[in-house]
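The chain contents come next:
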Amino acid sequence: MNRWLPLALLLCSSPAWAHSPLSGDAGLPVWLAALLLFVLWALYLSGCRRVAPGGVSLTLFHVTLLITALTLFGPLDDLAETSASAHMVQHMLMMVVIAPLAVLARPLPQYQAAFGGSRHLLRPLLRGARFPMAMALLHALMVWGWHVPVLYRWALHNEWVHVLEHACFLISAGLFWWAVLRSSLRGTPAALVALLFTLMQTGFLGALLTFSDRSFYGDARSVSDQQLAGLLMWVMGGLPYLAASAWCGRRWWQRVGRRTTGASGQ
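Counting starts from 1 at the beginning of each chain's written sequence and moves along it residue by residue. Note on the predicted model: pLDDT of at least 70 is required for a residue's local features to be given, and 80 or more for side-chain atom pairs to be given and counted; whole-chain, interface and lining totals, by contrast, use all residues. The side-chain quantities take in all heavy atoms of the structure and omit both hydrogens and water.

(A) Broad picture of empty space enclosed by the protein. Only protein atoms enter the 1 Å grid, on which a cavity is a set of points fitting a 1.4 Å probe that cannot get out and a pocket is an open set with protein on both sides within 12 Å along at least 5 of 7 lines, lining residues being those with an atom within 4 Å of a point. Grid points are joined across faces, edges and corners, and a volume is the space filled by probe spheres set on the points. All chains considered together, the criterion is met by one cavity of 30 Å³ or more. Roughly 50 Å³ of internal volume is contained in the largest cavity. Taken together, Ala84, His87, Met88, His147, Tyr152, Leu209, Tyr217, Gln226 and Ala229 form the lining of the largest cavity. Going along the chain from the N terminus, every DSSP run of H or I of four or more residues is numbered as a helix, and every run of E of two or more is numbered as a strand. Mapped by element, the contributors of at least two residues to the lining of the largest cavity are helix H5 (84-104) and helix H12 (223-234). The biggest single contributor to the lining of the largest cavity is H5, with three residues. Of the residues that constitute the lining of the largest cavity, the class distribution is six nonpolar, three polar and no charged. When residues are grouped by polarity, Ala, Val, Leu, Ile, Met, Phe, Trp, Tyr, Cys and Pro land in nonpolar, Asp, Glu, Lys and Arg in charged, and all others, Gly among them, in polar.

Have a look at this one:
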C-alpha cells in the first residue's frame, strides 16, 4: 500500500510543474492543499490497519488520489491558467472522474476507523447525501457560480480563491455522486432525476460556451479555445452521467426484480 505514496510525491515534486508544492514558486495555499491530500491519504492508510478494504476498493482509492494529485498539482493546472479548454479538462476530471471514483472506492469505514469509529464529523454530510436532488442543486450552484466571469478570473489570479474553487468542485461533486451511487431502492428514482438534471444543466452551460461568438473570460483567451471547452463539457462531460444513469437504472431493476421474486415465493 505504502508504495503509492512515494510515487505520488515524486510526481508532484517535478520542478517543471509550476503548481507542484515542491516546484519552488508554489504559495502557501498550494502547500496547504498538498498537505491536506497527504493527510487524507495517511488517515486512510491508518484506517486500513483496523478495517481492511477489499482489493478492488484499495486499488481504486490509491488510483483516485494519484489522479487527484496529478490534476491539482500537475502540468494541467499550469496550462489551465491560459487555456479555457485545459481549465475545463481539469474541472471535468474533478467532477466526473475523481469524485465518482472516490465514492466507488468506499473509503468511509477506513476513515471512521482512523477516527476511532466516530461518525460525528461525517454525520452532517451523510445526512445531506440522502437527498440526491438537493445535492444536485448544490453542485449546480458551484458549477455555474465558478464559471461566472468575475469569479472565474478571480480564481485564476488568487491562489487562495483557486484552492477554494477546487475544493467546492470536489466536495459538491463528491456529495452528489455519493447521493446518486449510494442511493437506496426507494431513492433510486430521485437519483435518476438528479442525474438527468445535472446532465442538462452542465450540457446547457457547455452549449453556451460552445455557441458564443465572444470570449467570456477576457481577450487573452480565444473564442475557439472557449468553444472547445464548451464541447468538452457538453459532449465528453455528459458521458459519465449517462453511464451512471444506466448503472443506477440497472441496479434499481435488479433490486425490484429480487423483491418481486421474494414476495411471489412467499
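(B) Spatial organisation of the packing of helix H9 (residues 149-157) against helix H10 (residues 159-181). Each axis is a line fitted through C-alpha atoms, and for a helix only the stretch in contact is used; angles between axes span 0 to 180 degrees, taken between their N-to-C directions. Orientation of H9 relative to H10, taken along the N-to-C sense of each, is 120 degrees, at an axis distance of 5 Å. When you trace H9 past H10, the crossing you get is left-handed. Residues Trp154, Ala155 and His157 of H9 pack against Glu159, Val161, His162 and Glu165 of H10. Its residues placed into classes, the contact of H9 with H10 shows three nonpolar, two polar and two charged. Here a crossing is taken to be left-handed if its near helix is turned anticlockwise relative to the far helix by less than a right angle, and right-handed if that turn runs clockwise. The contact criterion used is simple: two residues touch if any of their non-hydrogen atoms lie within 4.5 Å.

(C) Structural context of the side chain of serine 215. Note on placement: serine 215 falls in the loop between helix H11 (188-211) and H12. Note on exposure labels: buried denotes an accessible area under 20% of the residue type's maximum, exposed denotes more than 50%, and partly exposed covers the range between, all computed with a 1.4 Å probe on protein chains only. By relative accessible area, serine 215 is classed as buried at 18%. A polar contact of 3.4 Å, which involves the side chain of serine 215, links it to the backbone nitrogen of tyrosine 217. In this structure serine 215 touches Arg221, Val223 and Gln226, once residues within four positions along its chain are discounted. The definition of a polar contact used here is a pair of N or O atoms within 3.5 Å, where within protein one atom must be able to donate a hydrogen and the other to accept one, and adjacent residues in sequence count solely through side-chain atom pairs.

(D) Focus on the nonpolar core. In these notes, a set of buried Ala, Val, Leu, Ile, Met, Phe, Trp, Tyr and Cys residues joined through side-chain atoms within 4.5 Å is what counts as a nonpolar core. Counting 58 residues, the largest nonpolar core has Phe176, Trp177, Val180 and Leu195 as the members making the most contacts within it. By residue number, the principal contributor to this core is H10, which donates eleven residues. With near-sequence residues (within four places) excluded, leucine 195 lies in contact with Phe176, Trp177, Val180, Tyr241, Ala244, Ser245 and Cys248.

(E) Molecular detail of the side chain of threonine 198. Mapped onto the fold, threonine 198 is located in helix H11. Look at threonine 198 and you get buried, because its relative accessible area is 0%. In this structure threonine 198 touches Ala136, His139, Phe176 and Tyr241, once residues within four positions along its chain are discounted.

(F) Region of the structure containing unusual backbone geometry. Positive phi outside glycine occurs at arginine 106, with the angle close to 50 degrees. Topologically, arginine 106 is positioned in the loop between H5 and helix H6 (108-114). Residue arginine 106 is classed as partly exposed on the basis of its relative accessible area of 44%.

(G) How the structure looks around a nonpolar patch on the surface. Put simply, a patch holds well-exposed residues, over 30% relative accessible area, that have no salt bridge, with like charges counted together within 9 Å and Val, Leu, Ile, Met, Phe, Trp or Tyr side chains within 5 Å. Calculation of accessible area relied on Shrake-Rupley with a 1.4 Å probe; when residues are assessed, cover is drawn exclusively from the protein chains displayed. In what follows, salt bridge is the name for a side-chain nitrogen of Lys or Arg lying within 4 Å of a carboxyl oxygen of Asp or Glu. A cluster of nonpolar side chains, contributed by Phe211, Leu228, Leu231, Trp234, Val235, Met236, Leu239 and Leu242, occupies part of the molecular surface with about 790 Å² of accessible area. Every element with two or more residues in the nonpolar patch is listed here: H12 and helix H13 (239-265). Per-element tally for the nonpolar patch: the top contributor is H12, with three residues. Within the element layout of this structure, leucine 242 appears in helix H13. For leucine 242, a relative accessible area of 47% corresponds to the partly exposed category.

(H) Inspection of the environment of tyrosine 111 at higher detail. When you line up the elements, tyrosine 111 lands in helix H6. In the structure, tyrosine 111 is positioned 66 residues away from leucine 45 in sequence and 8.8 Å away in space, judged by C-alpha atoms. Not counting chain neighbours up to four residues away, the residues in contact with tyrosine 111 comprise Leu40, Leu43, Tyr44 and Phe61. From its side chain, tyrosine 111 meets the backbone oxygen of leucine 40 in a polar contact 2.9 Å long.

Structural measurements only, silent on function.
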